Amino acid sequence: MSDTQQPSAELLAAAEQYGVRNIARHVFLCADQTEPKCAPRERTLEAWNFLKRRLQELGLTAGERIVYRTKANCLRMCEQGPIAVVYPEGTWYHSAMPDVLEQIIQQHLIGGVPLADYVFATNPLTADE
Ligand code: FES
């Protein structure tokens, strides 16, 4: 680890390896929580493992339009989980188990259209205007 403010070669390599410049969407999923509140930990882990596997299988983890995924300990909604949120649209989903995640992947992450049946909030993030 360096104490300068410059990014290290290792850090830049990680950004390159994970295709940061090609991230088109970023999905966060509440899983493996320290304090499981929105769903039992085993169910959220099942959802997380499914999401990881399907993004890989569908070729969405590399290329020109990457879907980046992050396991969040808790997204602070803590009801009707697993909870997922997709950016840049700021689309919040409840009940994100594999059957629902598959629809989110196909319809939203690939197709660009949020899966209205499971959306409970929407707030696209925008830069200051
Ligand atoms: S425990 Fe899932 S949102 Fe808080």
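This structure is a prediction, so every number in the text was calculated from the model and none was measured. (Residues numbered from 1 in each chain as written. Predicted model: local features only at pLDDT ≥ 70, side-chain atom pairs only at ≥ 80, totals over all residues. Heavy atoms only, no water.)

## Digging into the nonpolar core
Right, on to step 1. Formed by 21 residues in total, the largest nonpolar core has its most connected members in L29, L51, L55, L101, I104, I105 and L109.
Right, on to step 2. Broken down by secondary-structure element, the contributors of at least two residues to this core are β1 (23-30), α2 (41-57), β3 (84-87) and α3 (98-110).
Right, on to step 3. When sequence neighbours within four positions are dropped, the list of residues in contact with L29 reads A47, W48, L51, T70, K71, A72, L75, P82, I83, A84 and A96.
Right, on to step 4. Counting eight residues, the second largest nonpolar core, distinct from the first, contains C30, C38, A39 and V85. (Core = buried A, V, L, I, M, F, W, Y, C linked by side-chain atoms within 4.5 Å. Buried < 20%, exposed > 50% of the residue type's maximum accessible area, 1.4 Å probe, protein only. Helix = DSSP H or I, 4+ residues; strand = E, 2+ residues; numbered from the N terminus. Contact = heavy atoms within 4.5 Å.)

## Re the sheet that holds strand β4 (residues 91-93)
Right, on to step 1. Spatially, five strands are ordered β2-β1-β3-β4-β5 in an open sheet, and the strand pairing comes out mixed. Whereas interior strands pair on both sides, the edge strands pair on one side only; in this sheet they are β2 (66-72) and β5 (119-122). Along the sheet, successive strands turn relative to each other by an average axial angle of 20°, direction set aside. (Pairing = 2+ DSSP bridges. Axes fitted to C-alpha atoms, helices over the stretch in contact; angles between N-to-C directions.)

## Notes on the side chain of Q33
Right, on to step 1. When you line up the elements, Q33 lands in the loop between β1 and α2.
Right, on to step 2. A polar atom in the side chain of Q33 sits 3.2 Å from the backbone oxygen of A39.
Right, on to step 3. At 3.2 Å, the side chain of Q33 and the side chain of T44 are in polar contact.
Right, on to step 4. In this structure Q33 touches C38, A39, R41, T44 and N73, once residues within four positions along its chain are discounted. (Polar contact = N/O pair within 3.5 Å; in protein donor to acceptor, adjacent residues only side chain to side chain.)

## Some words on unusual backbone geometry
Of all residues except glycine, most have a negative phi; of all peptide bonds, most are trans.
Right, on to step 1. Of the consecutive residues G81 and P82, the connecting peptide bond is found in the cis state with omega at -5°.
Right, on to step 2. Within the secondary structure, P82 sits in the loop between β2 and β3.
Right, on to step 3. Looking along the chain, the bond that leaves Y87 and enters P88 is cis, with omega of 20°.
Right, on to step 4. Within the element layout of this structure, P88 appears in the loop between β3 and β4.
Right, on to step 5. For D32, which is not glycine, the phi dihedral falls at a positive 55°.

## Examining the packing of aromatic side chains
Any pair of aromatic rings gets described here by the distance separating the centres and the angle formed by the planes.
Right, on to step 1. A complete count under the given rule lists two aromatic pairs for this structure.
Right, on to step 2. Judged by centre distance (6.2 Å) and plane angle (65°), the rings of W92 and F120 are edge-to-face. Of this pair, W92 sits in strand β4 while F120 is found in strand β5, placing the two residues 28 residues apart along the sequence.
Right, on to step 3. In this structure W92 comes out as buried when scored by relative accessible area, which is 15%.
Right, on to step 4. F120 sits in the partly exposed class, given a relative accessible area of 35%. (Phe/Tyr/Trp six-rings, centres within 6.5 Å; stacked < 30°, edge-to-face > 60°.)

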